[in-house]
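As a plain string of letters, each chain reads:
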Amino acid sequence: MKKQKKNQNLIFIIISIIIILLIYFIINIVRFFRQPANTVLIKNGELIKYEELVGYIIRDEELIDTSSYAGTPKANIDDGVRVSKGSTILTYMSKEEEKINQKIKELDEKIQKAMDSRQTILTNDAKALESEIEIYLYSSVKENTNINSLYEHKKMINEKVEKKAKIVGDLSPVGSELKKLIEERTTLEKELNDSEKIVKTNKAGLASFRVDNYENILTLEGISKLTIEELEKIKVTTNQIIPLNTNNVKIINNFECYIAVPMYSEESKNAKLNDSVYLRFNNTGDKLISATVEYISEEEDKRLIIFKVNTNVEELAKYRKIDVDIVWWSDKGLKVNKDALVETSVSTVSGDMLKLNKITIKKSSYTEEAFVKIIREAGEFAIIDNYKDKELIDMGISENLLEGRSTIKMYDEVIIQTNNR
């Protein structure tokens with residue numbers, strides 16, 4: 001009887017334990033579904049500290065004086081092309097020259113008509129010239145946008161047409177008529193060449209027909225006298241491309257330019273001469289352009305900082321006032337929400353308490369904690385990395401504590417904490 005009662009008590013205890021465990025399990029399941037752990041994946045990312053501002057471009061540029069030239073200017077090169085010293089960049093044509101060109105055009109038509117009307121068997125030389133003319137005509141038009149190249153092709157074609165006309169004229173019964181036309185054309189060509197006025201460069205650089213009349217105001221020599229107030233007086237629309245105008249031309253130093261930026265931030269107040277930063281423009285996308293702090297002017301609660309850049313100069317030559325991002329720093333690495341970081345105290349070998357950041361890594365059925373260091377933080381995010389054993393030992397952490405410690409890696413799932421910082 002006592003044995004039976006004892007067995008009943010044992011069964012009762014076992015059932016009670018099972019019921020308690022079941023209740024505990026149900027409670028945890030309910031909690032899990034009511035308040036699921038908020039987690040994020042560790043991924044590679046980038047943090048950038050930058051300011052969106054407006055900059056004024058200052059260049060080493062020199063206007064070429066064309067005041068003594070008369071007539072209609074024609075560009076011999078495209079805008080923004082690098083040229084050497086002594087290159088021809090403009091040709092001025094007077095009204096008389098325009099008339100001469102028209103006469104030459106009419107003579108060319110007469111010469112061609114005279115040649116076409118003759119049933120002349122062409123010599124091998126004439127046939128070769130005709131073939132060369134066709135090739136030059138094709139190559140000068142196909143995918144060719146270079147003004148200077150087209151001009152050279154035109155001269156070459158004219159020479160070959162004239163040479164062919166002379167050969168055909170000598171063989172033709174009416175050769176004297178062709179000779180007369182050709183002689184008249186030669187005279188006009190000489191007259192045209194003698195009256196042609198060309199403009200050449202006095203130094204090497206970037207030739208530009210985008211002149212905005214600030215070339216003698218925003219100069220390298222005047223940087224030390226420049227103020228924010230003076231810059232704000234410049235009535236130029238931001239990001240407006242300076243219009244092309246062949247009436248004016250300048251040569252730009254294509255190796256460097258300067259950007260003057262009025263600034264108010266804490267980062268700008270801490271900037272020093274020769275500091276390296278990055279700039280980002282509308283046309284460069286996410287690409288960062290290296291720059292250095294060339295000059296700083298203190299103005300009450302603000303600063304005028306002038307940055308020097310050595311790349312993207314050709315593109316910047318089209319503008320005077322632009323939107324620019326000043327990128328103070330940029331770091332790449334394991335990126336995580338700062339809410340996943342918890343500051344904790346760790347005892348050192350000497351007994352002191354050391355403040356370290358830790359992160360909780362979620363596994364399938366358990367969690368692990370890892371010490372991490374913050375490389376950079378901005379806004380809601382931080383770039384983090386694992387501590388090396390030597391770093392922690394040098395800070396006084398016991399080697400025993402480091403045995404088998406967890407570390408983070410990309411795509412680890414970490415738990416977001418609340419009210420931890």
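What counts, and at which threshold
- Residues numbered from 1 in each chain as written.
- Predicted model: local features only at pLDDT ≥ 70, side-chain atom pairs only at ≥ 80, totals over all residues.
- Heavy atoms only, no water.
- Helix = DSSP H or I, 4+ residues; strand = E, 2+ residues; numbered from the N terminus.
- Contact = heavy atoms within 4.5 Å.
- Areas by Shrake-Rupley, 256 points an atom, 1.4 Å probe, with all protein chains shown as cover.
- Phe/Tyr/Trp six-rings, centres within 6.5 Å; stacked < 30°, edge-to-face > 60°.
- Buried < 20%, exposed > 50% of the residue type's maximum accessible area, 1.4 Å probe, protein only.
- Pairing = 2+ DSSP bridges.
- Patch = residues over 30% accessible without salt bridge, like charges linked within 9 Å, V, L, I, M, F, W, Y side chains within 5 Å.
- Salt bridge = Lys/Arg side-chain N within 4 Å of Asp/Glu carboxyl O.

**Focus: the overall build of the protein**
What the protein contains, in helices and strands, is ten helices and 19 strands. Considering only contacts within the protein whose residues lie at least 6 apart along the sequence, 75% involve residues at least 24 apart. For the protein, the accessible surface area stands at approximately 26200 Å², while carbon and sulfur atoms represent 51% of it.

**Brief notes about the packing of aromatic side chains**
Here the distance between the centres and the angle between the planes together describe a pair of aromatic rings. All told, the structure shown has one aromatic pair when counted by the stated rule. With centroids separated by 5.2 Å and ring planes inclined at 20 degrees, the aromatic side chains of Tyr-69 and Tyr-92 adopt a geometry described as stacked. Taken together, the residues Tyr-69 in the loop between strand S3 (61-63) and strand S4 (72-75) and Tyr-92 in strand S6 (residues 88-93) connect sequence positions 23 residues apart. Accessibility expressed as a relative area gives 27% for Tyr-69, which makes it partly exposed. Taking relative accessible area as the criterion, Tyr-92 reaches 4% and is therefore assigned buried.

**Looking at the side chain of Asn-312**
When you line up the elements, Asn-312 lands in the loop between strand S13 (302-309) and helix H8 (313-316). Residue contacts for Asn-312: discarding those within four places in its chain leaves Phe-281, Asn-283, Thr-284 and Ile-289.

**Some words on the pairing of S4**
Of the two faces of S4, the one lined by Pro-73 and Ala-75 is fully buried and the one lined by Thr-72 and Lys-74 carries no buried residue. In the sheet, S4 pairs with S6 via four bridges, with the strands oriented antiparallel. Looking across to S6, one finds that Pro-73 is bridged to Tyr-92.

**Considering the pairing of strand S16 (residues 353-362)**
The buried fraction of S16 amounts to seven of the ten residues, a majority that puts the element mostly inside the structure. Across seven bridges, strand S15 (residues 341-347) lies against S16 in antiparallel orientation. Its bridge partner lying in S16, Val-346 is registered against Leu-354. Between S15 and the antiparallel strand that follows it, S16, lie five residues; Gly-351 among them carries a positive phi value of about 95 degrees. Bridging between S16 and strand S17 (residues 367-378) involves six bridges; their strand directions are antiparallel.

**Focus on a nonpolar patch on the surface**
Together, Ile-11, Ile-15, Ile-19 and Ile-23 make up an exposed nonpolar region whose accessible area comes to about 360 Å². Tracing the sequence through the fold places Ile-19 in helix H1 (residues 2-34). Relative accessible area serves as the criterion here: at 45%, Ile-19 is assigned to the partly exposed category.

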